Amino acid sequence: MTQYHDDIAPIQTTDASDLRIDQEVIASLVADGARVLDLGCGDGLLLEYLINNKNARGFGVEISTQGMHACIARGLPVYHGDIDQGLSDHTDDTFDYVILSQTLQAVRRPRFVIREMLRVGKKIIVSFPNFGHWNIRVQLLLSGRMPKTPMLPYEWFNTPNIRMCSILDFQDLCRQMEINIIEQIPLAAWGGLPRSPLKRHLVRILPRTVSNLLAPVAVFLLEKRKG
Amino acid sequence: MDHTSSHRPDSGQSAQSIGLVTTQTVTLFEQGDPLKLDSGATLQPITVAYETYGTPNDTLSNVILICHALSGNAHAAGRHHPDETKTGWWDGYIGPGKPFDTNRFFVLCSNNLGGCDGTSGPSSIDPKTNKPYALNFPLITIGDIARLQKALLDHLGIKKVLAVAGGSMGGMIALQWALDYPECVGGALIIASTPRLSAQNIAFNAVARQAITQDPDFNNGDYYHGSKPERGLSVARMMAHITYLSEKGLHEKFGRRLQNREQFSFALETDFAVESYLKYQGSTFGKKFDANTYLYITKSMDYFDPFPDPETTAQRLQKVHARLFVMSFDTDWRFDSSRSKELVRILNLHQKNVSYQEFHSPHGHDSFLLPDLEYSRSIATFINRLYDEELRRRHHKDRPA
């Protein structure tokens, strides 16, 4: 007999230690009580955290069935579809923040998506894997083959990551699109959060000058240039 | 395990079935005010047929209201007799361990107003004339159908439903509930449905109604003592049935296969298997369903338009608190996914708590009735989350400060 509710997680509250590093950094950028759209919200962990801990009003967009079920189990409002659809539904400045976490590199039209995010959101937060990281540069130099990392584990022929860029590339794009960079936070590590508060802090204090070489991932807080 | 249903003398049936059920009836609006309809007409008295599955909890906070579609009835799950082969219309989804889990929830389904399966409709006796209402029955709306369900729940002492759920026209009724009784609805599941019929949808209904009213036996709706317009109703059903299936699904099932013959008849006979199938579907339906109900209910769908303009929309949605879950199927062309997305868009513009999911299925509009694991899981996950939150609220309330 299928007991559908047996495999549904009991209600629990998320705390910061459940988040990935970049998710924690993103959460720290979101003001209390904000209205948030999370594009590619996955299992809804970040969104749930923002709702529970930052009094956010959130809405997620997710393409995978697995992610959908996880979000529904968390009681989150979530839209099953691709990012374009998830954006076109909303009027201008509906959200205080629109979040695109680790998804930019997989969208077909990054400029369009960023423009749409800036339309429906007052501020946008983008995190992406940095293709300028030394590990990637060394791999390509020494092996002569497409680099792979724990964050980018795919083969060249089956990777969903079709729009890789470095931190410098992204800065160029912001300049070209006349987008204000409010904050940029290169992270010195990737993955689950280190439990120790010191390490958690250290991850975030990478000097700007070396970030394109040393940060595997970066978080940008952006807004439309005014006037 | 504490399965109320497994103790019933229905042991020969599947372990997951709710088992034997009976349809109950109650007469409402006998005395006092009649039911006021959207048309301005009134109706009194009104009989309602309904079935319940599972057990209500002590605070009646586990009630799920199921709304049936055009040709459905109150018999949503289980069997009326042990030797019955057919189960209720949503038996795959209502029962112990199923998405609408009767071990957890008290599930209720009533025959819609205007119906022909126990609830007052054109075939019921008009107390003023002691004859069937026929076309003297007032025109009804989806709002009237929800209003009568509300009266039934009031009669049963149920103030709030954990969720209201329905597919197709049932989804319209579920949406109507969320709009008209915002304080009474925890969540609404609006499946394979639409916020309004398109011109094409109305056109299909119009042709169906023409088929019925052009039947020589129609007799202006007053056919209850003679032959019924079964042929017209059967043609209406045949056409509608095509719209419930996907082209691919229908072709995969029948292809160009011939029916009981090796070669074309070269006569106007039933050559193809799909013809024979449709004829059977039509004639079965023509015998059991009331043609006038078909006219009235399709009209109520045509009229449904809760968001006709921005002002009305804003006003209607202002008080809506229910968590809404809109679902569609990718091969449905009766109410395709874009119709569900249209609804989600409206709800999003007004910042309502809405989720949307599209499922892959080869079965077209009928998908919402058929077994599907992902769809089942989504329903179950949504309902159980609502109930878990309800239990948690109660737990916090009960705990001494």
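Residues numbered from 1 in each chain as written. Chains lettered and ligands numbered in written order. Predicted model: local features only at pLDDT ≥ 70, side-chain atom pairs only at ≥ 80, totals over all residues.

**What about the overall build of chain B?**
Basically, it comes down to this: For helices the rule is a DSSP run of H or I covering at least 4 residues; for strands it is a run of E covering at least 2, with both sets numbered from the N terminus onward. We compute the radius of gyration from the C-alpha atoms alone; for a globule the expected value is 2.2 Å times N to the 0.38, where N is the number of residues. Contact criterion: two residues are in contact if their C-beta atoms, reconstructed from the backbone, are within 7 Å.
Along chain B, the regular secondary structure elements total 10 helices and 14 strands. Its C-alpha radius of gyration of 21 Å places chain B within 12% of the 21 Å reference for a compact globule of 401 residues. By its C-alpha atoms, chain B is 85 × 50 × 50 Å across when sized along the principal axes. When contacts within chain B are restricted to residue pairs at least 6 apart in sequence, those whose partners lie at least 24 apart make up 71%.

**Regarding the environment of Gly232 of chain B**
Residue and element names in this part refer to chain B. Where we set the bar: Residues are called buried when their C-beta atom has 20 or more other C-beta atoms within 10 Å, exposed when it has 12 or fewer, and partly exposed otherwise; all C-beta atoms are positioned from the backbone.
Relative to the helices and strands, Gly232 is located in helix 4 (residues 230-244). In this structure Gly232 comes out as buried when scored by C-beta crowding, with 23 C-beta atoms within 10 Å. Counting along the chain gives 21 residues from Gly232 to Ala211, while the straight-line C-alpha distance between them is 4.7 Å.

**Description of the nonpolar core**
All names here are of chain B. Definition in use: Think of a nonpolar core as buried Ala, Val, Leu, Ile, Met, Phe, Trp, Tyr and Cys residues, each tied to the set through C-beta atoms within 7 Å. Marked domain ranges trace back to an automatic or database domain assignment.
Judged by nonpolar contacts, the single largest core of 158 residues is most densely connected at Ile64, Ile66, Ala174, Ala188 and Leu189. Each of domain 1 (9-198 + 305-398) and domain 2 (199-303) accounts for three or more of the residues forming this core. Filtering out sequence-adjacent residues up to four positions away, Ala174 remains in contact with Cys67, Val164, Ala165, Gly166, Ala188, Leu189 and Ile190.

**Quick look at the interface of chain A and chain B**
Rule in force here: The residue classification treats Ala, Val, Leu, Ile, Met, Phe, Trp, Tyr, Cys and Pro as nonpolar and Asp, Glu, Lys and Arg as charged. All others, Gly included, are polar.
Contact residues are listed per partner, giving 20 residues for chain A and 28 residues for chain B. The set of elements that each furnish at least two residues to the side of chain A that touches chain B consists of helix 3 (65-73) and strand 3 (78-80) of chain A. Counting residues per element, the side of chain A that touches chain B draws most heavily on helix 3 of chain A, at five residues. In the side of chain A that touches chain B, the residues fall into 10 nonpolar, nine polar and one charged.

**Examining the packing of helix 4 of chain B against helix 6 (residues 273-288) of chain B**
All names here are of chain B. As a reminder of what qualifies: Fitted lines through C-alpha atoms serve as axes, helices being fitted only where they are in contact, and the angles separating the N-to-C directions of these axes extend from 0 to 180 degrees. An angle below 35 degrees is read as roughly parallel, one above 145 as roughly antiparallel, one from 65 to 115 as roughly perpendicular, and any other as oblique. Helix crossings are classified by the rotation of the near helix relative to the far one: an anticlockwise turn of less than a right angle makes the crossing left-handed, while a clockwise turn makes it right-handed.
For the pair helix 4 and helix 6, the least separation of the axes is 7 Å and the interaxial angle reads 130 degrees. Our classification of the angle between helix 4 and helix 6 gives oblique. Helix-helix and strand crossings are classified by hand; for helix 4 and helix 6 the assignment is right-handed. Of the residues in helix 6, those in contact with Glu230, Arg231, Leu233, Ser234, Val235, Arg237, Met238 and His241 of helix 4 are Leu278, Gln281, Gly282, Ser283, Phe285, Gly286 and Lys287. Taken together, the residues of the contact of helix 4 with helix 6 break down into five nonpolar, six polar and four charged.

**Here we look at unusual backbone geometry**
Excluding glycine, a negative phi dihedral is what most residues carry, and trans is how most peptide bonds are arranged. All names here are of chain B. Residue Pro45 is reached from Gln44 by a cis peptide bond, and omega for that bond is -15 degrees. Mapped onto the elements of the fold, Pro45 is located in the loop between strand 3 (42-43) and strand 4 (46-53). You will see that Asn219, though not glycine, has its phi angle at about 55 degrees, which is positive. Secondary-structure assignment places Asn219 in the loop between helix 3 (199-213) and helix 4. The exposure class assigned to Asn219 is partly exposed, which follows from the 15 C-beta atoms found within 10 Å. Positive phi outside glycine occurs at Gln351, with the angle close to 55 degrees. Within the element layout of this structure, Gln351 appears in the loop between helix 9 (337-349) and strand 14 (354-359).

**Section: the packing of helix 1 (residues 21-29) of chain A against helix 2 (residues 45-54) of chain A**
Residues and elements named next belong to chain A. In contact at an axis separation of 11 Å, helix 1 and helix 2 are set at 35 degrees when each is read in the N-to-C sense. Relative to helix 2, helix 1 is oriented so that their crossing is right-handed. Across the interface between the two elements, Gln23, Ile26 and Ala27 from helix 1 touch Leu45, Leu46, Tyr49, Leu50 and Lys54 from helix 2. A per-class count over the contact of helix 1 with helix 2 returns six nonpolar, one polar and one charged.

**Focus on the domain arrangement of chain B**
All names here are of chain B. Taken as a whole, chain B is organised into domain 1 (9-198 + 305-398) and domain 2 (199-303). Distance from the C-alpha centre of domain 1 to the C-alpha centre of domain 2: 26 Å. Counting residues at the interface gives 30 residues for domain 1, matched by 26 residues for domain 2. Contributions of two or more residues to the side of domain 1 that touches domain 2 are made by helix 1 (142-155) and helix 2 (169-180). Looking at side-chain class alone, the side of domain 1 that touches domain 2 contains 16 nonpolar, 12 polar and two charged residues.

**A short note on the environment of Leu173 of chain A**
Residue and element names in this part refer to chain A. Within the element layout of this structure, Leu173 appears in helix 7 (residues 167-176). Judged by the 15 C-beta atoms lying within 10 Å of it, Leu173 falls in the partly exposed class. Residues Leu173 and Gly81, spaced 92 residues apart in sequence, show a C-alpha to C-alpha distance of 26 Å.

**Topic: the confidence of the model for chain A**
Residues and elements named next belong to chain A. Just so we agree on the cut-off: Each residue carries a pLDDT score, the predictor's confidence in it, ranging from 0 to 100.
Looking at chain A as a whole, its pLDDT mean stands at 88, while 86% of the residues score no less than 70. Confidence, expressed as mean pLDDT per element, reaches its minimum in chain A at helix 8 (residues 197-202) with 67 and its maximum at helix 7 with 97. Low confidence marks residues 5-10, where pLDDT is under 50. Its contacts with residues over four positions away, or in another chain, come to eight contacts.

**Remarks on the pairing of strand 7 (residues 217-224) of chain A**
All names here are of chain A. Note the cut-off: Strand pairing follows a simple DSSP-based rule, namely that at least 2 bridges must link the two strands.
Of the pairings in the sheet, the one linking strand 5 (residues 121-129) to strand 7 comprises seven bridges and is antiparallel in character. Bridge pairing in strand 7 links Ser127 to Val219. Two elements, strand 6 (residues 179-187) and strand 7, share eight bridges in a ladder whose sense is antiparallel. Looking across to strand 7, one finds that Glu183 is bridged to Leu221.

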